[in-house]
Amino acid sequence: IKKLCRGELDVATTSRQIKPSEAITCGKSGVKFIEIPVAYDGIAVVVNKKNKWLDHITRAELSRMWQPGAEGQITQWAQIRSGWPKKDFALFGPVKDSSIFDAFTKKILGKTGASRVDYKQAREDSATVAGVESASNALGYVRLAAYMNNRRSLRVLPIKVGEDDPVEPTVNTIRDGSYKPLSRELYVYVNA
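In this report, we go over the structure that sits alongside the text.

About the thresholds
Residues numbered from 1 in each chain as written. Predicted model: local features only at pLDDT ≥ 70, side-chain atom pairs only at ≥ 80, totals over all residues. Heavy atoms only, no water. Phe/Tyr/Trp six-rings, centres within 6.5 Å; stacked < 30°, edge-to-face > 60°. Helix = DSSP H or I, 4+ residues; strand = E, 2+ residues; numbered from the N terminus. Buried < 20%, exposed > 50% of the residue type's maximum accessible area, 1.4 Å probe, protein only. Contact = heavy atoms within 4.5 Å. Disulfide = S-S within 2.5 Å. Pairing = 2+ DSSP bridges. Right-handed = clockwise from strand over helix to strand, strands pointing away.

Tallied over the full model, the rule gives 10 aromatic pairs. Taking 5.1 Å as the distance between ring centres and 75° as the angle between the ring planes, the aromatic pair formed by tryptophan 66 and tyrosine 119 counts as edge-to-face. Note that tryptophan 66 is positioned in helix α3 (residues 59-66) and tyrosine 119 in the loop between α4 (99-109) and β5 (120-122), a separation of 53 residues in sequence. Consider the rings of phenylalanine 104 and tyrosine 141, whose centres lie 3.7 Å apart with planes at 10°: the pair is stacked. Of this pair, phenylalanine 104 sits in helix α4 while tyrosine 141 sits in strand β6 (residues 138-143), placing them 37 residues apart in sequence. Accessibility classification places phenylalanine 104 together with tyrosine 141 in one group, the buried group. Here the aromatic residues Trp53, Trp77, Trp84 and Phe89 are joined through ring pairs into a cluster of three or more.

So, in structure tokens, the structure goes:
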């Protein structure tokens, strides 16, 4: 997007909409763009395949687990939901400058970039996958494609929002919008 706004590219692909500040930068550079939604993507919340007791998680529980105030305070599963084991969990996810981090924090925590930072940050989904595979009490989030390519070693968690039934991320639930709130559109931006 930065290169598009500087006039260095004619086409840019992104997993998020252009930010208002970026649109202003494009305007200052004389770049008029066209936004084209081209596909859907989903963020999968995954656990180690050996974790058989966790069958779903709620949006509120994810928020409690990942909020900035949880850092150093909320470290055990039992602190998230009564009846869960009194065992420490390990968290894995993307680095703070990734679009998946932005989407997850906005949709789960209500504010882009708001997250605890005491988790294993990875630049690539493959590192998050490897981390969750290596720890039986791990939880992480990755693109749906990363989960689908690693189904033998990971389990995906259905997400429960409000009173609705938990929904597992699939191509169909992402496409029809029933996988809430972790589905998103992918975009192509064209310099007009």
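Let us now look at α4. Burial analysis of α4 places nine of its 11 residues in the buried class, which makes it a mostly covered element. All of the buried residues in α4 are Ser99, Ile100, Phe101, Asp102, Ala103, Phe104, Thr105, Ile108 and Leu109. Check the buried side of α4 and you find it contacts β2 (33-48), α3, β4 (90-94), β6 and β9 (183-191). One or two residues past the end of α4 sits glycine 110, with phi positive at roughly 85°.

Glancing now at the state of the cysteines. A complete count under the given rule lists one disulfide for this structure. Across a sulfur-sulfur distance of 2.0 Å, cysteine 5 and cysteine 26 are joined as a disulfide pair. Classification of the bridge connecting cysteine 5 and cysteine 26 rests on its S-S torsion, roughly -70°, and on that basis the disulfide is left-handed. Placement of the pair is cysteine 5 in helix α1 (residues 2-5) and cysteine 26 in helix α2 (residues 20-28), with a sequence separation of 21 residues. Here cysteine 5 falls in the buried class, since its relative accessible area comes to 2%. Under the relative-accessibility criterion, cysteine 26 is labelled buried at 0%.

Time to look at the pairing of β4. In terms of burial, β4 is a largely internal element, four of the five residues being buried. Note that β4 and β6 share three bridges and pair parallel. Of the residues in β6, the one forming a bridge with alanine 90 is alanine 138. Of the pairings in the sheet, the one linking β4 to β5 comprises three bridges and is parallel in character. Each bridged residue has a counterpart across the sheet, and for phenylalanine 92 the counterpart in β5 is lysine 120. Traced from β4 through α4 to β5, the parallel crossover comes out right-handed.

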